[in-house]
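# Geometric and topological summary
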Amino acid sequence: MELCLAMKESHGVSLRRACAALGLSRAAPYYQSRRPDDAPVIEAISAYITDNPGQGFFLLHRTFRREGRPWGKSRLWRVYRELKLNLPRRGKRRLPERVRDPLAVPAAPNQTWSADFMADALWSGRRFRTFNVIDDYNREALRIEIDTSLPALRVIRALDELVEIRGSPQRLRLDNGPELISQLLQQWAKQHGVELVHIQPGKPTQNAYIERFNRTLRTEVLDRYVFTSLNEVRRMTTNWQHRYNHHRPHRSLGGLPPVAYAQAKSPTTSTSDCLQ
């Protein structure tokens, strides 16, 4: 509208020709917005959301109607959407501050273990999970626990059985899954003198050793075969774990399998493969 009037005054043309030159309707200069001023509505909605952050539009509308506010439901909903308050709100997971820890190769076995979960399904569609533990020193697969459910108690039991054979590690690197931040696991770590090192949320590269192991396990076992039962998954995974530790060359270990690498670096250290 302002452009039409400006063109009329500056070039001395009629309002009709100015609108035609700008590609606007002749009614544009006379249009007056009928939209009411939403400032009071915005202020009221903002104040309500500030005091009641967990409540949605339904409760807001009922509250305003009970208080006798002069705005109808349609107008409230329009302003509510324009403020982008109708989007689902997901609460943030309240985790302790995670400090980035450099991913260094330990100087000896049993200094740092890494652990993580994986998920897959049987041919029937039944889901199962794996809990994988490796030694960062030589990337040796220490444990692959497999079941349909692996709660914190099951994780602790697997770690206890592993500690009986290998001894306790100095550190255990984990992500922030619910089983791995539980109080039960923290109590277990305190009892065994193990430092739990949690990576920063959304930073899987800080646990790169176990992530790389997970990829190998998936491409060479989980994605390669069709499993009909958990026992079949356990049997084939156990066989693969032995081949991985004793026979499969590892690029980052100079082409040696994990066990052979540990023996070459420390011949007196026993690094027998810990099967399930």
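Presented here is an overview of the structure given in this document. (Residues numbered from 1 in each chain as written. Predicted model: local features only at pLDDT ≥ 70, side-chain atom pairs only at ≥ 80, totals over all residues. Heavy atoms only, no water.)

A word on the packing of aromatic side chains. Throughout the structure, instances matching the rule amount to 11 aromatic pairs. An angle of 80° between the planes, with centres 5.8 Å apart, marks the rings of Tyr48 and Phe64 as edge-to-face. On the criterion of sequence distance, the pair formed by Tyr48 in helix 3 (residues 39–51) and Phe64 in helix 4 (residues 57–66) is long-range, its members being 16 residues apart. Like Tyr48, the residue Phe64 is buried in the burial classification. Here a set of aromatic residues connected by ring pairs shows up, and it is made of Tyr48, Phe64 and Trp71. The lysine or arginine in question, Arg69, covers the ring of Phe64, its NZ or CZ lying 4.6 Å from the ring centre. The side chain of Arg129 reaches across the aromatic face of Phe117, ending 4.2 Å from its centre. (Phe/Tyr/Trp six-rings, centres within 6.5 Å; stacked < 30°, edge-to-face > 60°. Helix = DSSP H or I, 4+ residues; strand = E, 2+ residues; numbered from the N terminus. Buried < 20%, exposed > 50% of the residue type's maximum accessible area, 1.4 Å probe, protein only. Lys NZ or Arg CZ within 6 Å of the ring centre and 35° of its normal.)

Before going further, it helps to spend a moment on the pattern of salt bridges. A side chain of one charge can pair with a side chain of the opposite charge if their charged atoms are brought near each other. Applying the stated rule across the entire model yields 17 salt bridges. In this structure, the salt-bridge partner of Glu161 is Arg143, at a minimum N-O distance of 2.7 Å. With Glu161 in helix 6 (residues 152–166) and Arg143 in strand 3 (residues 140–147), the pair connects residues that are 18 residues apart, well separated along the chain. The salt bridge partner of Arg154 is Glu145, with a shortest N-O separation of 2.9 Å. Across this residue pair, the class does not change: Arg154 and Glu145 are buried. (Salt bridge = Lys/Arg side-chain N within 4 Å of Asp/Glu carboxyl O.)

Let us look at helix 8 (residues 208–222). One full turn of an α-helix is made of 3.6 residues, so residues set three or four places apart face in the same direction. Between its first and last C-alpha, helix 8 extends 20 Å over 15 residues, near the 21 Å set by a 1.5 Å rise per residue. Along helix 8, the residues classified as buried are Tyr209, Ile210, Phe213, Asn214, Thr216, Leu217, Val221 and Leu222. Looking straight down helix 8, one finds its buried side chains confined to an arc of 165°; they lie on one side. In this fold, the buried residues of helix 8 make contact with strand 1 (112–121), strand 2 (127–135), strand 3 and helix 9 (230–246). (Expected span 1.5 Å × (residues − 1). Arc of directions from axis to C-beta. Contact = heavy atoms within 4.5 Å.)

To continue, consider helix 7 (residues 183–192). Among the residues making up helix 7, those that are buried are Leu185, Trp188 and Ala189. Projected down its long axis, helix 7 carries its buried residues within an arc of 100°, all on one side. Exposed residues on helix 7 whose side chains face more than 90 degrees from its buried face are Gln183, Gln187, Lys190 and Gln191. Each element contacted by the buried residues of helix 7 is listed here: helix 6, strand 4 (171–174) and strand 5 (195–198). After helix 7 finishes, the residue Gly193 shows a positive phi value of roughly 70°.

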